[in-house]
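Structural overview
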Amino acid sequence: MPPPGDAVVRPLLAALLAAALAACASAPRGPCNQAQPLGSVCGFDNPEDVAYSAASELLVVSQFRMLGRGGSLAGLTPGADAPRALWPSPDAVVEADGSLGETGCAAPDPALFHPHGIFVDARNDLYVVNHGGRESIEMFSIRGSGGAATLAWRGCIVLPDGAAGNDVAVGPDGSIVVSNYLPAVDSVWGNVKIGLGMRTGDVIRWRRDGGWAHVPNTGASAANGVALSFDGETLFYAETGASRLVRIRLDGSDRSEVGYRAVRTT
């Protein structure tokens, strides 16, 4: 069981805030940037995912690149009236670290940067699924706190050929799991397959001593959100095309799943 307190509350708050942020991709559902009554946090461009840094008191938001908007990381701090740019940003720096990711990896091109799922680990490092110019996991360190928090790009890991990431999570041993949502070369027919609940991908895992590998028994129709248990041994992921949530050990054993369906309210 996870420990009580902030370890449970903060991810829950981030998830609830994600619902409010999603409204801003179209039109606000209520007053902007107003705590009471419940409204929308406005000022984002195509918000896709959120991750909270407790150490820096910073909510990081990935802004999906679409229709000439987005393509960046934004930050929101308690009490702020609006989000601010984190990457690209004049305050951000590039500090390549050979101990992180792959050697010789260059910082992403700001003109192509296309963030998707994001994750903040216990060391206050930020991991970002990127589609811009390459399918990769970009690694940043979060520096400072609150309104003074900035990002430093540290390295990257390129995804295997044909893979297209959606979400990312990092285990306590530094291994990385990514939902391989839909092969990049299969975008048109792949969406038809998703509608039919057919397999389009799986979950892949990266370890420094072994590189990328497919997590056994995770074939999925649009593998989406991913999470790891506190000990890093159990994987949870959403399978959008099959309308279910899956729990499985990283060795492919002890798989269980539960179906779900959207409930429309009026």
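For the structure given in this document, a descriptive report is provided here. Not measured: the values here are computed from a predicted model.

With respect to topology, four strands assemble into an open sheet ordered 1-2-3-4, the strand pairing being antiparallel. Each edge of the open sheet is held by one strand with a lone partner, namely strand 1 (47-53) and strand 4 (84-87). Strand-to-strand twist of the sheet, defined as the mean angle between neighbouring strand axes without regard to direction, takes the value 35 degrees. Alignment of strand 2 (residues 58-63) against strand 3 (residues 72-76), held across five bridges, turns out to be antiparallel. Of the residues in strand 3, the one forming a bridge with Val61 is Ala74.

Enumeration according to the criterion identifies 11 salt bridges in this entry. Residues Asp121 and Arg123 are paired through a salt bridge, measuring 3.8 Å at the closest nitrogen-oxygen approach. Since its relative accessible area comes to 13%, Asp121 is described here as buried. With relative accessibility at 56%, the residue Arg123 sits in the exposed group. Ionic pairing is found between Glu138 and Arg134, a salt bridge with its closest N-O pair at 3.0 Å. The exposure class assigned to Glu138 is buried, which follows from its relative accessible area of 0%. The class of Arg134 is partly exposed, set by a relative accessible area of 21%. Among the charged side chains, a salt-bridge network with shared partners connects Glu239, Arg244, Arg255 and Glu257.

Once that is clear, we can look at the state of the cysteines. Counted by the stated rule, this structure contains one disulfide. Two residues share a disulfide in this structure: Cys105 and Cys156, whose sulfurs sit 1.7 Å from each other. The chirality of the disulfide connecting Cys105 with Cys156 is right-handed, given an S-S dihedral of about 85 degrees. Here Cys105 is found in the loop between strand 5 (93-94) and strand 6 (115-120), whereas its partner Cys156 is found in strand 9 (residues 150-158), with 51 residues between them in sequence.

Basis of the calculations
Residues numbered from 1 in each chain as written. Predicted model: local features only at pLDDT ≥ 70, side-chain atom pairs only at ≥ 80, totals over all residues. Heavy atoms only, no water. Pairing = 2+ DSSP bridges. Helix = DSSP H or I, 4+ residues; strand = E, 2+ residues; numbered from the N terminus. Axes fitted to C-alpha atoms, helices over the stretch in contact; angles between N-to-C directions. Salt bridge = Lys/Arg side-chain N within 4 Å of Asp/Glu carboxyl O. Buried < 20%, exposed > 50% of the residue type's maximum accessible area, 1.4 Å probe, protein only. Disulfide = S-S within 2.5 Å.

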